[in-house]
Amino acid sequence: MNKTLLATLLLSAIFSSTSFAAEQSTIETATYNPSEPLVLTPVVTEENDASLVEEAPKFDDTMHYFVGLTGGMADMSFSLVHATSASAKVSPSSPDASGFAGADIGFYTAGGKGRIYYSYQKMSGESEFDNKKIADTDVTLHLLSADYFFRADKAINPFVGAHVGYMTAETTSEKYGSYKQSNPVLGIQAGVAWRISDHFTTEVGARHTASQRKEQTDWAGSEGKDIVYPNTQSDLKSITTFYMSANYRF
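Here is what the cut-offs are and how they apply
Residues numbered from 1 in each chain as written. Predicted model: local features only at pLDDT ≥ 70, side-chain atom pairs only at ≥ 80, totals over all residues. Heavy atoms only, no water. Core = buried A, V, L, I, M, F, W, Y, C linked by side-chain atoms within 4.5 Å. Buried < 20%, exposed > 50% of the residue type's maximum accessible area, 1.4 Å probe, protein only. Helix = DSSP H or I, 4+ residues; strand = E, 2+ residues; numbered from the N terminus. Contact = heavy atoms within 4.5 Å. pLDDT = per-residue confidence, 0-100. Salt bridge = Lys/Arg side-chain N within 4 Å of Asp/Glu carboxyl O.

(A) Expanded view of the nonpolar core. In this structure, M76, M123, V139, L141, M167, L236 and I239 are the most contacted members of the largest nonpolar core, which totals 26 residues. Among the elements of the structure, β1 (64-83), β3 (98-108), β4 (114-129), β5 (132-149), β6 (156-173), β7 (177-195) and β9 (231-249) are those that each provide at least two residues to this core. In terms of residue count, β5 provides more of this core than any other element does, six residues in total. Once residues lying within four places of it in the same chain are set aside, the contact partners of I239 are A74, D75, M76, M123, V139, L141, M167, R207, H208 and T209.

Laid out in structure tokens, this is it:
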């Protein structure tokens with residue numbers, strides 16, 4: 001009797017354990033179906049998502065030459081005084097802002113963080129008195145510039161720089177005659193460049209160029225206290241330009 005009861009209990013325990021294992025296997029099978037591929041979803045970060053990384057053409061580690069065309073608006077700080085006597089003087093206004101054009105040639109340093117270039121710029125302006133044109137001023141600038149680029153590995157590059165050079169200016173007037181001014185200049189520039197491709201770049205910026213003229217010479221050639229009337233004096237003090245450029249890098 002005891003053996004029969006013991007055998008019955010043992011069989012019941014084995015059956016119950018087998019049934020529980022079978023149910024667990026059924027649940028796991030329902031949860032994961034081998035016929036369905038297992039897809040892992042990666043974590044998206046700025047480091048591994050290319051769409052979040054600003055793509056830009058890369059400058060290599062060698063120097064490259066470039067040429068460019070530039071143009072925009074020029075604002076001259078210019079004074080002109082014509083005197084028929086010590087008390088009778090005419091002072092036309094500074095020329096209004098006018099257009100200018102120019103060309104650049106130079107090179108980018110290795111890695112594209114800097115550049116050095118020569119600029120040729122040509123501009124002109126009209127001076128008025130009593131709403132009538134009284135003089136024309138034509139200016140030519142020869143500049144040697146150096147710029148430093150921030151974020152050189154990106155497509156958009158802010159930059160700052162400085163320049164030195166030489167200015168020639170000729171002012172002509174039907175009433176007063178003409179006069180030429182030539183002297184060194186110093187200045188600064190800043191802007192933003194957009195690298196379109198490995199070869200093409202466009203930029204916008206501003207440049208301020210100050211004359212380094214120390215003494216003003218009268219048109220009539222008189223100096224100091226020996227003033228000859230009628231007497232005309234002029235002085236081109238500075239030029240501020242706002243420009244756009246397109247460059248091609250070799």
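After presenting the structure, the write-up continues.
(B) Layout of the confidence of the model for the protein chain. Scored by pLDDT, the protein chain has a mean of 80; 72% of the residues are at 70 or more. The least confident element of the protein chain, judged by mean pLDDT, is helix α1 (residues 2-31) at 51; the most confident is strand β8 (residues 200-211) at 96.

(C) Molecular detail of the pattern of salt bridges. Taken as a whole and assessed by the stated rule, the structure comprises four salt bridges. Note that D147 and R115 form a salt bridge whose closest N and O atoms lie 2.9 Å from each other. In this pair, D147 is assigned in strand β5 and R115 in strand β4, connecting sequence segments 32 residues apart. Given the relative accessible area of 3%, R115 is considered buried. What you see here is one network of salt bridges that share partners, running through R115, D147 and E203.

(D) The environment of A103, seen in detail. Residue position: A103 is located in strand β3. Expressed as a C-alpha distance, the spacing of A103 and A246, which sit 143 residues apart in the sequence, is 9.7 Å. Excluding its chain neighbours within four sequence positions, the residues that come into contact with A103 are G68, L69, T70, Y118, S119 and Y120.

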